[in-house]
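# What the coordinates show
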Amino acid sequence: QVQLVESGGGLVQAGGSLRLSCAASGRTFSTYAMGWFRQAPGKEREFVALISWNGGHTYYTDSVKGRFTISRDNHKNTVYLQMNSLKPEDTAVYYCAADKDYGMGYVAPDEYDYWGQGTQVTVSS
């Protein structure tokens, strides 16, 4: 069983930056594709970004392109989401997710095998 623990959320003013981290347990992190999702109150969970198991492929939802960067450090079993130029509409609980078996990553949340507990990001205007 893989455990994912997010950190780095908080309250920030519009235009500010945050870096989220997701630390994974286990020795097979380097074989997982990883994704970041978010869920605002009253809304469905939505895809934010993904990175393939080896870091060679990344993909972002249109609303964060050019502002967010996903990266990973397989030696530290950690995936990151650098969030710049934050907007109030980025306010949500952010979740990381892992997809087993050397995947390229998916946009659909149902494709992921493991989830973290989430970290709150609040952007004030």
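So, a few notes on the structure that sits alongside this text. (Residues numbered from 1 in each chain as written. Predicted model: local features only at pLDDT ≥ 70, side-chain atom pairs only at ≥ 80, totals over all residues. Heavy atoms only, no water.)

### Overview of the side chain of Asp99
- Position of Asp99 relative to the elements: it lies in strand β9 (residues 92-99).
- The side chain of Asp99 sits in the buried core without any salt bridge; Lys100 is the nearest counter-charge, 7.9 Å away.
- Beyond its immediate chain neighbours, meaning those up to four positions away, Asp99 contacts Thr31, Tyr32, Ala33, Gly105, Tyr106, Glu111, Tyr112 and Asp113. (Helix = DSSP H or I, 4+ residues; strand = E, 2+ residues; numbered from the N terminus. Buried < 20%, exposed > 50% of the residue type's maximum accessible area, 1.4 Å probe, protein only. Lys, Arg positive; Asp, Glu negative; His and termini not counted. Salt bridge = Lys/Arg side-chain N within 4 Å of Asp/Glu carboxyl O. Contact = heavy atoms within 4.5 Å.)

### Thoughts on the side chain of Ser21
- Secondary-structure assignment places Ser21 in strand β3 (residues 18-24).
- Residue classification places Ser21 among the buried positions, given a relative accessible area of 16%.
- Once residues lying within four places of it in the same chain are set aside, the contact partners of Ser21 are Val5, Glu6, Ser7, Trp36, Thr78, Val79 and Tyr80.

### Comments concerning the state of the cysteines
- Scanning the model with the defined rule gives one disulfide in all.
- One disulfide bridge connects Cys22 with Cys96, the sulfur atoms lying 2.0 Å from each other. Between Cys22 and Cys96 the disulfide shows an S-S torsion of about 55°. By sign, it is right-handed. Here Cys96 lies in strand β9 and Cys22 lies in strand β3, a separation of 74 residues in the sequence.
- Assessed through its relative accessible area of 0%, Cys22 is described here as buried.
- Using a relative accessible area of 0% as the deciding quantity, one classes Cys96 as buried. (Disulfide = S-S within 2.5 Å.)

These values are about where atoms sit, not about what they do.
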